[in-house]
Amino acid sequence: MLAIDKPIYLENEANAGAFGETVFGVAQNISHLVFISVGRGIGCGLIINNQLFPGFLYHAGEFGHMTVESEGLPCRCGNKGCRETYASNEAAIRMYAKKTKGNSISFLDFLAEITENNSLQALEVLQTIAKYLGLGIANIINGLNPEMVVIGGDITGVKELIFNQLVKEIKKRSLEKSFSAVKLEFSQLGNRAAALGM
């Protein structure tokens, strides 16, 4: 094994992304932040009063496992109807394969079906993803009253196509006072947010 005399740090990817956004990204000078990492699943990094909030057992922010359908699809966590089974990259790939009766493709290929091939089927799936993503964000806003929500992950590549739907869904389901003050942003750091946050 390679011997090194440098410290090694381990951190949850969404937590590191949240910290990266506050130091280098769109959330500079933001004291109450929810960073939502949309990937294989959905994770959230929480900044509360300028401090990363890890939770009692360092397990806070697992809002991808918030139930959005009480008798919904099984999740890898063992629950049913978790938000990440409806709003993650894997969810999009699964829905698209079912809709097209085709083979599973990568999430980037799924996005290319929208941006390059103008696929209506892929766009319909994206709208479903945005609906459930917005529903979950509204619940987080109602529970935590953040100053800003930042969405990260490859889905930022189609932010223009989902922003209005997200805002509409969030507004419909959020408490008026909390919604009126929150800012919704997409990460400009791309996949570098977590690395920069370390």
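Just above sits the structure.
Here's what I pulled together on the structure shown here. (Residues numbered from 1 in each chain as written. Predicted model: local features only at pLDDT ≥ 70, side-chain atom pairs only at ≥ 80, totals over all residues. Heavy atoms only, no water.)

### As for the sheet that holds strand β4 (residues 148–152)
No. 1: If you walk across this open sheet you meet the five strands as β3-β2-β1-β4-β5, and the pairing is mixed. Among the strands making up the open sheet, the edge pair consists of β3 (51–52) and β5 (183–186).
No. 2: Pairing between β4 and β5: four bridges, direction parallel. Across the sheet, the residue bridging to Val-150 is Glu-185, located in β5.
No. 3: Helix α5 (residues 120–144) rests against β1 (33–38), β2 (42–48) and β4 of the sheet, and its axis sits at about 155 degrees to β1.
No. 4: Contacting β4 and β5, helix α6 (residues 159–173) crosses the sheet at an angle of about 155 degrees to β5. (Pairing = 2+ DSSP bridges. Helix = DSSP H or I, 4+ residues; strand = E, 2+ residues; numbered from the N terminus. Contact = heavy atoms within 4.5 Å. Axes fitted to C-alpha atoms, helices over the stretch in contact; angles between N-to-C directions.)

### Examining the packing of α5 against α6
No. 1: Close contact between α5 and α6 brings their axes to 8 Å; oriented N to C, the two are set at 40 degrees. As judged from the angle between their axes, α5 and α6 are oblique. Where α5 crosses over α6, the handedness of that crossing is right-handed. Contact residues: α5 offers Leu-126, Gln-127, Ala-130, Lys-131, Leu-133, Gly-134, Leu-135, Ile-137, Ala-138, Ile-141 and Asn-142, while α6 offers Leu-161, Ile-162, Gln-165, Leu-166, Glu-169, Ile-170 and Arg-173.
No. 2: Class assignment of the residues belonging to the contact of α5 with α6 gives a composition of eleven nonpolar, four polar and three charged. (Parallel < 35°, antiparallel > 145°, perpendicular 65-115°, else oblique. Left-handed = near helix turned anticlockwise from the far one by under 90°. Nonpolar A, V, L, I, M, F, W, Y, C, P; charged D, E, K, R; others polar.)

### Some thoughts on the nonpolar core
No. 1: The biggest cluster of nonpolar side chains holds 41 residues, and the ones touching the most others in it are Ile-36, Phe-110, Leu-133, Ile-137, Ile-151, Ile-155 and Leu-166.
No. 2: At eleven residues, the largest contribution of residues to this core is made by α5.
No. 3: Discounting chain neighbours no more than four positions away, the residues touching Ile-137 are Ile-36, Arg-83, Val-149, Ile-151, Leu-166 and Ile-170. (Core = buried A, V, L, I, M, F, W, Y, C linked by side-chain atoms within 4.5 Å. Buried < 20%, exposed > 50% of the residue type's maximum accessible area, 1.4 Å probe, protein only.)

### Considering the packing of aromatic side chains
No. 1: The full count for this structure, using the stated rule, is four aromatic pairs.
No. 2: Ring geometry for Phe-163 versus Phe-186: centroids 6.4 Å apart, planes at 55 degrees, classification tilted. Pair noted here: Phe-163 is in helix α6 and Phe-186 is in strand β5, with a separation of 23 residues, a long-range link.
No. 3: Judged by its relative accessible area of 31%, Phe-163 falls in the partly exposed class.
No. 4: Residue Phe-186 is classed as buried on the basis of its relative accessible area, which comes to 6%.
No. 5: An aromatic cluster is present here, built from Tyr-96, Phe-107 and Phe-110 joined pairwise through their rings. (Phe/Tyr/Trp six-rings, centres within 6.5 Å; stacked < 30°, edge-to-face > 60°.)

### Some words on a nonpolar patch on the surface
No. 1: A cluster of nonpolar residues, Phe-19, Val-23, Phe-24 and Leu-196, forms a patch on the protein surface that exposes about 340 Å² of accessible area.
No. 2: It is helix α1 (residues 13–24) that provides the largest number of residues to the nonpolar patch, a total of three residues.
No. 3: The partly exposed category is assigned to Phe-24, whose relative accessible area is 45%. (Patch = residues over 30% accessible without salt bridge, like charges linked within 9 Å, V, L, I, M, F, W, Y side chains within 5 Å. Areas by Shrake-Rupley, 256 points an atom, 1.4 Å probe, with all protein chains shown as cover. Salt bridge = Lys/Arg side-chain N within 4 Å of Asp/Glu carboxyl O.)

### Observations regarding the environment of Pro-54
No. 1: Mapped onto the elements, Pro-54 comes out in the loop between β3 and α2 (84–87).
No. 2: Given the relative accessible area of 25%, Pro-54 is considered partly exposed.
No. 3: A C-alpha to C-alpha distance of 9.2 Å links Pro-54 and Asn-12, two positions 42 residues apart in sequence.
No. 4: Every residue in contact with Pro-54, bar those within four places of it in the chain, is listed here: His-59 and Ala-60.

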